[in-house]
Amino acid sequence: MARDITIGQYLPGKSIMHRLDPRVKITLTFCFIIMAFISRSPASLAFLIAVLILMIACSHISAAQIFSGIRSLIPVILITAIVNIFYVSGDPVIHFYFIHISKQGLFVGLGFLIRLTAMIAGSSLITYTTSLSALTSGLEQMISPLEKIHVRVGELAMMITITLRFIPTLAEEISRITDAQKARGAEIGSGGPIKRIKSYSPVVLPLFMSSFRRAFELTNAIECRCYHGDKGRTRMNTLTLTRADAVALTLCVAAFCATIALNFIPIIPE
């Protein structure tokens, strides 16, 4: 299952999403996440799905590849959505002793499932279509006003982007350690829930040791290159906004306003 985690990987390409300025893609990602949070009516949820489909089409990345990256998160998403069903009162659909499920609760649970899945899938596009250097440069310029309060912007941007890139690396490391322990006779991932959790104990310690080793290697590599944040640094490629970036930002504002307007449609007809 860990091999299916592709969030954080960069997939080179020449699509519209790949050519956009990284600052614009960061803005689009935050806007899409907010749209997912504020979508409440059926119309706004349908519009959210349409926007996600458009973003995937513009990235030239298959939907199967995107959703395979969040396959391991599906149990968590489903459990959270199911829990939300029982906390909303309204017109009863199922009532059996202490179990009470209403029509409003079913819609809230389904809406939560759609919003959370769309939010994860949409936000993963920024790492699929943006290289590490471009993402760092864009994030660094966007948070550059924090320098006025003595925040080390360059190091903060690098830390965030390295964290994103380490997700698939750690997933690959978990799979490698798990296969090695299974080859030694360890029974991992079998039995009941408690036994499965305990069976992963031989994986945790090697994973921590490998993570610390990679961190030390990365630290040495950064120090050998005399990297000290953005102090005195020059940039080989200067970020400039193009007409495509302006169009993307305009569509982003229009989509955000449309989501707010569609929320005025009742969630469930009276």
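Residues numbered from 1 in each chain as written. Predicted model: local features only at pLDDT ≥ 70, side-chain atom pairs only at ≥ 80, totals over all residues. Heavy atoms only, no water.

1. A few points about the overall build of the protein chain
The helix and strand tally for the protein chain stands at 11 helices and two strands. Shown N-terminal to C-terminal, the secondary structure of the protein chain runs as helices and strands in the order α-α-α-α-α-β-β-α-α-α-α-α-α. Taking all 270 residues of the protein chain together, the buried fraction comes to 35%. For the protein chain, contacts bridging at least 24 residues in sequence account for 75% of all contacts bridging at least 6. Split by element, the accessible area of the protein chain, about 16,600 Å² in all, is 69% carbon and sulfur. (Helix = DSSP H or I, 4+ residues; strand = E, 2+ residues; numbered from the N terminus. Buried < 20%, exposed > 50% of the residue type's maximum accessible area, 1.4 Å probe, protein only. Contact = heavy atoms within 4.5 Å. Areas by Shrake-Rupley, 256 points an atom, 1.4 Å probe, with all protein chains shown as cover.)

2. Some words on the side chain of Arg115
One can find Arg115 in helix α6 (residues 103–128). The exposure class of Arg115 is buried, given its relative accessible area of 15%. Non-local contacts of Arg115, meaning those with residues more than four positions away in its chain, are made with Ala36, Phe37, Ser39, Arg40, Leu45 and Leu48.

3. Focus: the environment of Thr136
Inspection of the secondary structure puts Thr136 in helix α7 (residues 132–142). Distance in space between the C-alpha atoms of Thr136 and Gly154 is 8.2 Å, their sequence separation being 18 residues. If sequence neighbours within four positions are ignored, Thr136 has contacts with Ala157, Met158 and Thr161.

4. Observations regarding the environment of Ile167
Relative to the assigned elements, Ile167 resides in helix α8 (residues 153–183). Note on Ile167: relative accessible area 34%, which makes it partly exposed. Considering only alpha carbons, one finds Ile167 and Gln9, 158 residues apart in sequence, at a separation of 8.3 Å.

5. Brief notes about helix α10 (residues 201–224)
Over its 24 residues, α10 extends 35 Å from the first C-alpha to the last, a length consistent with the 34 Å expected when each residue adds 1.5 Å. Along α10, the residues that are buried comprise Val203, Leu207 and Ser210. The elements touched by buried residues of α10 are α8. Within two residues after α10, Cys226 carries a phi angle of roughly 55°, on the positive side. (Expected span 1.5 Å × (residues − 1).)

6. Quick look at the pattern of salt bridges
Evaluation of the coordinates by the stated rule reveals two salt bridges. The closest approach of N and O atoms between Arg213 and Glu217, which form a salt bridge, is 3.4 Å. Of the two residues, Arg213 and Glu217 are both situated in helix α10; the distance of four residues between them amounts to about one turn of the helix. (Salt bridge = Lys/Arg side-chain N within 4 Å of Asp/Glu carboxyl O.)

7. Things to note about a nonpolar patch on the surface
Residues Ile74, Leu78, Ile79, Ile82, Val83, Phe86 and Tyr87 make up a contiguous nonpolar surface patch of roughly 700 Å² in combined accessible area. By the secondary structure assignment, Ile82 is in helix α5 (residues 74–85). For Ile82, a relative accessible area of 45% puts it in the partly exposed group. (Patch = residues over 30% accessible without salt bridge, like charges linked within 9 Å, V, L, I, M, F, W, Y side chains within 5 Å.)

8. Section: the nonpolar core
Nonpolar side chains in soluble globular proteins tend to end up buried together. Residues Phe32 and Ile66 are the most contacted members of the largest nonpolar core, which totals 28 residues. Counting residues per element, the ones that place at least two in this core are α2 (22–38), α3 (42–59), α6 and α11 (243–262). In terms of residue count, α6 provides more of this core than any other element does, seven residues in total. Sequence-distant contacts of Phe32, that is, excluding residues within four places in its chain, are made with Leu48, Val51, Leu52, Met55, Ala118, Met119 and Gly122. Counting residues in hydrophobic clusters, the runner-up holds seven residues, among them Ile26, Ile126, Leu139 and Ala157. (Core = buried A, V, L, I, M, F, W, Y, C linked by side-chain atoms within 4.5 Å.)

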